[in-house]
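Topology and contacts: notes
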Amino acid sequence: MGRLPALDIVRGVAVLWMTLFHFAFDLNHFGFIHQNFYHAPVWTGQRTCILSLFLLCAGFGQAIAVHAGQSWSRFWRRWLQIAGCAVAVSVGSALMFPNSWIYFGVLHGMAVMLIVCRMTASWGAWLWLAGLLANAAGLFSAELHALLPYSETWNANALNWIGLISHKPITEDYVPLLPWLGMMWWGMAFGQLVLNRGWMDQLPAPGTNAAIQALSWMGRWSLSWYMLHQPLLIGSLMLVVALR
């Protein structure tokens, strides 16, 4: 089917927003500004919006891939790239944040969610309900956690990737299946709706101005950008600190 420019542009918006967010986080880490990125709503709300955009786009992309007849072998090739990058993120974060390293962040979560979405692509309209239930389970995770047998076990690192926890673990990035799988399910459900209704053919052609083209390019190379932008930002700020 080729690429969908509108999807690349939306993903590009998420990439740009993420980059600005991480730049602010890095400025705070090196003491140039003083913000509470872990609790202040202005920052936690942005993180939620950015992550939601990425997962909605990922689900939409899976709907297109399944519709186009993407083979499992091609799926696994892309999946290995994401999983490999997730391992690299864990290693890099362990070096920079040894007490709060990332063991199940956005790429780890996406690697698992992509498999689940691929295996549930035939659910059709039921994906909307599945997404609603996943989001609700994440929203009320503390209440559900209290009802589980051996409740404290679910807070252990070995199981808290599911999301049924009573409190957030100490880690720089945490994207459990609940509630975030719900966003990817909704993205897939919306993608299937667009494809089934023929709305994709009605999407306007992307603009040719430089800003739109730049967003489209960023969205097309989102994984590479994700892996490179923080080392470049952090390295630049470390150089500024050293020169000061």
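Higher on the page you've got the structure.
Residues numbered from 1 in each chain as written. Predicted model: local features only at pLDDT ≥ 70, side-chain atom pairs only at ≥ 80, totals over all residues. Heavy atoms only, no water.

1. Focus: the side chain of Gln62
Cut-off, in case you're wondering: Going along the chain from the N terminus, every DSSP run of H or I of four or more residues is numbered as a helix, and every run of E of two or more is numbered as a strand. Residue contacts are defined here by distance: any two heavy atoms, one from each residue, within 4.5 Å place the two residues in contact.
As for its placement among the helices and strands, Gln62 is situated in helix 2 (residues 41-67). Apart from the residues within four sequence positions on either side, Gln62 is in contact with Phe75, Leu114, Arg118 and Met188.

2. A few points about helix 5 (residues 126-139)
What counts, and what does not: One less than the number of residues in a helix, times 1.5 Å, gives the span that helix is expected to have. Here's how the labels work: a residue is buried when its accessible area is under 20% of the maximum for its type, exposed when over 50%, partly exposed in between, all with a 1.4 Å probe on protein chains only. Note that the arc is defined by the directions from the helix axis to the C-beta atoms.
Over its 14 residues, helix 5 extends 20 Å from the first C-alpha to the last, a length consistent with the 20 Å expected when each residue adds 1.5 Å. Taken together, the buried positions of helix 5 are occupied by Leu127, Ala130, Gly131, Ala134, Asn135, Ala137 and Gly138. The buried residues of helix 5 occupy an angular sector of 160° when projected down its axis, which confines them to one face. Residues of helix 5 that are exposed and angled more than 90 degrees away from the buried face: Trp126, Leu133 and Leu139. In this structure, the buried side of helix 5 is in contact with helix 6 (141-147) and helix 7 (177-197).

3. As for the layout of surface pockets
Put simply, the rule is: Cavities and pockets are defined on a 1 Å grid built over the protein atoms alone: a cavity is a set of grid points where a 1.4 Å probe fits but cannot escape, while a pocket is an open set with protein on both sides within 12 Å along at least five of seven lines, and lining residues are those with an atom within 4 Å of any such point. Grid points are joined across faces, edges and corners, and a volume is the space filled by probe spheres set on the points. Only Asp, Glu, Lys and Arg are considered charged, only Ala, Val, Leu, Ile, Met, Phe, Trp, Tyr, Cys and Pro nonpolar, and every remaining residue, Gly among them, polar.
Quantified by volume, the second largest pocket comes out at close to 250 Å³. Leu7, Val10, Phe60, Phe190 and Val194 are the residues nearest the centre of the second largest pocket, which is lined by 13 residues in total. Going through the elements one at a time, helix 1 (5-29), helix 2 and helix 7 are the ones with two or more residues in the lining of the second largest pocket. A per-element tally of the lining of the second largest pocket places helix 7 first, with four residues. Its residues placed into classes, the lining of the second largest pocket shows 12 nonpolar, one polar and no charged.

4. What about the environment of Arg197?
Within the secondary structure, Arg197 sits in helix 7. Looking at Arg197, the relative accessible area reads 53%, which means it is exposed. Along the chain, Arg197 and Ala214 lie 17 residues apart, while their C-alpha atoms are 29 Å from each other.

Don't take any of this as a statement about function, it's just geometry.
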